[in-house]
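Fold and contact review
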Amino acid sequence: MKIKTLVAVIGALALCSCKPSAPEKKTVIRFGHFPNITHAQGVIAHALSRQHKGWFEERLGPGVEVQWFTYNAGPSAMEAIFAGSLDLTYVGQGPALNAHFKSNGEEVRILAGAANAGAALVIKPDGPIKTGADFRGKKIATPQLGNTQDISCRAWLKAQGFKVTQTGGDVIVLPTANPDQLGLFQSGGVDAVWTVEPWVTRLEREANGKIFLEDTNIITTWLACSVKFLSAHRDVAKKIVSGNQELTSWIQAHTDEAQKLLIAELKEETKADFAPEEVAHAWKRIKFTTDV
């Protein structure tokens, strides 16, 4: 009788035992930004994710994982959108519009604004450039071929009457990664740089650069996403738009704390030190806004 009872118990346990349920699969959001002050929302949110205090993670819930990716400029981020390796990114208007037209409106959507202004054309104060006509035969560095500052530069040069091609023309526009522009400018490798903050301020402070032209009304940064992401995760996208609005308001209200987070994250991403006074100076040039 005892044997029969034992067998029955073992059988019952065998029926009751089952494999532990697999953990619920998280929705992974691949988020991009550039190491610029004009991408402050992305830089700061990335910093908070690194500290396990994720801004967007808290608003999206435990079922969502945010992965951050950094890019030097917009065309690279848009190519990542096209390749399906990126869902959302802070990006300049030029690359976003180019991607929209290139895909016949099928690949990219703008969710919100992020920043206006914060870009400028910098020259050497003691150099030969005094007027727009003096750029003939000169070299101008921009962050990347087809990025917002590159497009602004080429459009402005064309408006001055110069012929500018992708590789030359009356003025050579030389796409150069932002961190490399400072050394190139200091060494005389280029005569001017059209770029964004904090690089504008670094050119001023560390290379004695002078602002030649600054558009204080230009759209500098949007929050864009792929159509595929928006179609599959519209509710998540709405929460991200709301989170971007809240983060922008927080940045406006907590300038000192926002700048500290940004400086720490920029150092992580670029391995370069950014002086607090330089960041504070650059901050004044930028208008953080969610308006599109």
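Everything here concerns the structure above.
Here's a quick rundown of the structure. What you are looking at is a predicted structure, and each value in this text was computed from that prediction instead of being measured. (Residues numbered from 1 in each chain as written. Predicted model: local features only at pLDDT ≥ 70, side-chain atom pairs only at ≥ 80, totals over all residues. Heavy atoms only, no water.)

Some details on the pattern of salt bridges
Under the criterion given, the structure shown has 13 salt bridges. Taking the shortest distance from any N to any O, the salt bridge between E214 and R285 comes out at 3.4 Å. In this pair, E214 sits in strand β9 (residues 210-214) while R285 sits in the loop between α12 (276-283) and β11 (286-288), placing the two residues 71 residues apart along the sequence. A relative accessible area of 30% means that E214 is categorised as partly exposed. (Salt bridge = Lys/Arg side-chain N within 4 Å of Asp/Glu carboxyl O. Helix = DSSP H or I, 4+ residues; strand = E, 2+ residues; numbered from the N terminus. Buried < 20%, exposed > 50% of the residue type's maximum accessible area, 1.4 Å probe, protein only.)

Section: the sheet that holds strand β2 (residues 64-70)
An order of β2-β1-β3-β10-β4-β11 is seen for the six strands of this open sheet, with the pairing classed as mixed. Whereas interior strands pair on both sides, the edge strands pair on one side only; in this sheet they are β2 and β11. Strand-to-strand, the axes of this sheet are offset by a mean angle of 25 degrees, without reference to chain direction. Here strand β4 (residues 108-117) runs beside strand β10 (residues 219-226); their pairing, made up of seven bridges, is antiparallel. If you follow A115 over to β10, its bridge partner there is T221. (Pairing = 2+ DSSP bridges. Axes fitted to C-alpha atoms, helices over the stretch in contact; angles between N-to-C directions.)

Digging into the packing of aromatic side chains
Tallied over the entire structure, the rule returns 11 aromatic pairs. Judged by centre distance (4.5 Å) and plane angle (20 degrees), the ring pair of F31 and W68 falls under stacked. Here the residue F31 occupies a position in strand β1 (residues 27-33), and W68 occupies one in strand β2, the gap between them amounting to 37 residues. Its relative accessible area of 0% is what places F31 among the buried residues. The class for W68 is buried, based on a relative accessible area of 12%. Between the aromatic rings of W156 and W194, the centroid separation amounts to 6.2 Å while the plane-to-plane angle is 65 degrees, which identifies the pairing as edge-to-face. A residue pair is termed long-range when its members are at least 10 positions apart, and W156 in helix α6 (residues 148-159) and W194 in strand β8 (residues 192-196) qualify at 38 residues. Here W156 matches W194 in class, with each residue buried. Among the aromatic residues, ring-to-ring pairing joins F31, F56, W68 and Y90 into one connected group. Here K124 stacks its cationic end above the ring of F185, 5.3 Å away from the centre of that ring. (Phe/Tyr/Trp six-rings, centres within 6.5 Å; stacked < 30°, edge-to-face > 60°. Lys NZ or Arg CZ within 6 Å of the ring centre and 35° of its normal.)

Looking at the packing of helix α2 (residues 40-50) against helix α10 (residues 234-253)
With their axes 10 Å apart at the nearest point, α2 and α10 run at an angle of 95 degrees to one another. When the axis of α2 is compared with that of α10, the two are roughly perpendicular. Along its contact with α2, which presents A40, Q41, I44 and A45, the element α10 presents N244, L247, T248, W250 and I251. Here the residues of the contact of α2 with α10 sort into six nonpolar, three polar and no charged. (Parallel < 35°, antiparallel > 145°, perpendicular 65-115°, else oblique. Contact = heavy atoms within 4.5 Å. Nonpolar A, V, L, I, M, F, W, Y, C, P; charged D, E, K, R; others polar.)

Some points on the pairing of β8
When you tally the buried positions in β8, you get five out of five residues, the bulk of the element. Alternating positions in β8 separate into two faces, A192, W194 and V196 on one and V193 and T195 on the other, with burial throughout. Across five bridges, strand β5 (residues 119-123) lies against β8 in antiparallel orientation. When the sheet's bridge partners are listed, V122 is paired in β8 with V193.

Some details on the environment of R30
Within the secondary structure, R30 sits in strand β1. Given the relative accessible area of 24%, R30 is considered partly exposed. Considering only alpha carbons, one finds R30 and S187, 157 residues apart in sequence, at a separation of 38 Å. Not counting residues within four places of it along the chain, the set of residues in contact with R30 comprises Q67, F69, G84, S85, L86, D87 and L88. A distance of 2.8 Å separates the side chain of R30 from the backbone oxygen of G84, its partner in a polar contact. (Polar contact = N/O pair within 3.5 Å; in protein donor to acceptor, adjacent residues only side chain to side chain.)

Comments concerning helix α11 (residues 255-270)
With 16 residues, α11 should reach 22 Å at 1.5 Å per residue; the first-to-last C-alpha distance of 22 Å fits that figure. By the burial criterion, the buried members of α11 are A258, Q259, L261, L262, I263, E265, L266, E269 and T270. Looking at the packing, one finds that the buried side of α11 touches β1, α2, β2, α10 and α12. (Expected span 1.5 Å × (residues − 1).)

Points about the nonpolar core
Membership of the largest hydrophobic core comes to 46 residues, with the highest contact counts inside it found for F31, I44, F56, I240, I251, L262 and W283. Dropping the residues within four chain positions of it, L262 is found in contact with I37, A40, V43, I44, V279 and W283. (Core = buried A, V, L, I, M, F, W, Y, C linked by side-chain atoms within 4.5 Å.)

With respect to unusual backbone geometry
Cis geometry marks the peptide bond from E197 to P198, where omega comes out at 15 degrees. Note on placement: P198 falls in the loop between β8 and α8 (199-207). In this model, K271 sits at a positive phi of 65 degrees, which is unusual for a non-glycine residue. Looking at where K271 falls in the secondary structure, it is placed in the loop between α11 and α12.

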